[in-house]
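In case you want the letters, here they are:
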Amino acid sequence: MASVSQLNQFPCKTFSSSPQHHKIASRPSVLPLNSIKPTQNPVKKSLFSTPKPIRARPAFEVRAVDDDEWGPDKGEEPVVTQTTGVAVAEEEKPKELSEVESLKKALVDSFYGTGRGLKASSETRAEIVELITQLEAKNPTPAPTEALSLLNGKWILAYTTFPGVLTLLSRGQLPLVKVEEISQTIDAESFTVQNSVQFSGPLASNTISTNAKFEVRSPKRVQIKFQEGIIGTPQLTDSIVLPENVEFLGQKVDLTPIKGLLTSVQDTASSVARTISSQPPLKFSLSNSNAESWLLTTYLDEEVRISRGDAGSVFVLIKEGSPLLTP
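Residues numbered from 1 in each chain as written. Predicted model: local features only at pLDDT ≥ 70, side-chain atom pairs only at ≥ 80, totals over all residues. Heavy atoms only, no water.

A word on the overall build of the protein chain. Within the protein chain one finds 10 helices and 12 strands. The burial tally for the protein chain puts 28% of its 327 residues in the buried class. For the protein chain, long-range pairs separated by at least 24 residues make up 59% of all intrachain contacts whose partners lie at least 6 apart in sequence. If you sum the accessible surface of the protein chain, you get close to 22,400 Å²; carbon and sulfur atoms cover 59% of it. (Helix = DSSP H or I, 4+ residues; strand = E, 2+ residues; numbered from the N terminus. Buried < 20%, exposed > 50% of the residue type's maximum accessible area, 1.4 Å probe, protein only. Contact = heavy atoms within 4.5 Å. Areas by Shrake-Rupley, 256 points an atom, 1.4 Å probe, with all protein chains shown as cover.)

Another point: the pairing of strand β12 (residues 314–319). Most of β12 sits out of view: six of its six residues are buried. Here β12 shows two buried faces, one formed by V314, V316 and I318 and the other by F315, L317 and K319. Relative to β12, strand β1 (residues 153–160) runs antiparallel, the two sharing five bridges. Counterpart to Y159 in the pairing with β12 is V316. Alignment of strand β11 (residues 304–308) against β12, held across five bridges, turns out to be antiparallel. (Pairing = 2+ DSSP bridges.)

Quick look at a nonpolar patch on the surface now. A cluster of nonpolar residues, I208, I231, L282 and F284, forms a patch on the protein surface that exposes about 320 Å² of accessible area. Following the sequence through the fold, I231 ends up in strand β5 (residues 221–231). Given a relative accessible area of 30%, I231 falls into the partly exposed group. (Patch = residues over 30% accessible without salt bridge, like charges linked within 9 Å, V, L, I, M, F, W, Y side chains within 5 Å. Salt bridge = Lys/Arg side-chain N within 4 Å of Asp/Glu carboxyl O.)

We now examine the environment of G321. Along the chain, G321 turns up in the segment after β12. Taking the relative accessible area as the measure of exposure, G321 reaches 69% and is therefore exposed. Spatially, the C-alpha atom of G321 lies 8.5 Å from that of E303, the residues being 18 residues apart in sequence.

The topology assignment puts T298 in strand β10 (residues 292–300). What makes T298 buried here is its relative accessible area of 12%. At a separation of 2.5 Å, a polar atom in the side chain of T298 contacts the side chain of E136. Sequence-distant contacts of T298, that is, excluding residues within four places in its chain, are made with E136, N139, I306, S307 and R308. (Polar contact = N/O pair within 3.5 Å; in protein donor to acceptor, adjacent residues only side chain to side chain.)

Following the criterion strictly, the structure yields three aromatic pairs and no others. On the basis of an interplanar angle of 5° and a centroid distance of 5.1 Å, the ring pair of F111 and Y159 is categorised as stacked. You can see F111 sitting in the loop between α5 (99–110) and α6 (122–136) and its partner Y159 sitting in strand β1, a full 48 residues away along the chain. In this structure F111 comes out as buried when scored by relative accessible area, which is 9%. Residue Y159 is classed as buried on the basis of its relative accessible area of 2%. With a centroid separation of 5.2 Å and an interplanar angle of 55°, the aromatic rings of F191 and F214 are classed as tilted. Here F214 lies in strand β4 (residues 204–216) and F191 lies in the loop between β2 (178–187) and β3 (192–200), a separation of 23 residues in the sequence. F214 sits in the buried class, given a relative accessible area of 7%. We note R305 situated over the ring of W155; from NZ or CZ to the ring centre the distance is 5.1 Å. (Phe/Tyr/Trp six-rings, centres within 6.5 Å; stacked < 30°, edge-to-face > 60°. Lys NZ or Arg CZ within 6 Å of the ring centre and 35° of its normal.)

Despite not being glycine, R116 has its phi angle at roughly 65°, a positive value. Tracing the backbone shows R116 in the loop between α5 and α6. Phi angles above zero are rare outside glycine, and F191 is one such case at about 55°.

Below you can see the structure in the form of structure tokens.
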């Protein structure tokens, strides 16, 4: 009996151990149904199936690199846009004129068609006075006589209300005569001033000037004493050139008939021009009571000077070589 019971216990142990093998064999349930060896070692199968997710990661990383090569991702776009905006702003900033530069340009533009003030209407004069007042309020040189290096050089008259200059300009409106330039040259080292007027005509061009000394009386004011006047040597033209017509007393005068008469004197004019041009200029003394004046500089920078003189007259001058002289 004892031996029979022992034999009965053997298959029980065998049955109890075989389910464990079935559990182990049933673990790789993900294997395909047509697998030939269902009892194959599951550890090898798991190792075989594991590289699939590992292989997917490099594929994702390669795609990310490709995206970077085509361009930045969405998160970087605001940075690029901001940098571009700053670059554009820096390029446009120098093009913007300051308030002073804008005032100077507006003032010079208002002189157009005024003939240095001779032909300015009352409305234009009022506009010019307003612009001058605004510019004087922003004077960068409060003591011009202490900045002689800025005063030094040749200044071209652009506008004035001085009656003496306006009278001169009105004479320059005569037929065949034109005032080409009115200038003032200051030599800060020798404290001298030269005022010059350049005329031109069909036969010759000439310059009339005055030489003066100046003394500093205040941070803005100088006293001017004229010493001599100079009539320059006429520079005759080799060939006489006349316009088709001129305006005189509101009427146009046809000069075509005169051109034929002047053709015969062309050679003579050329010979006379060489003779007169070799002569020295004519100088004369200025010693009367009208030979003194004063000048108050109310605005001064590298290219614009505004001065006020006798009887409240105003002078606006532009430094030779300034872009403001270009129409």
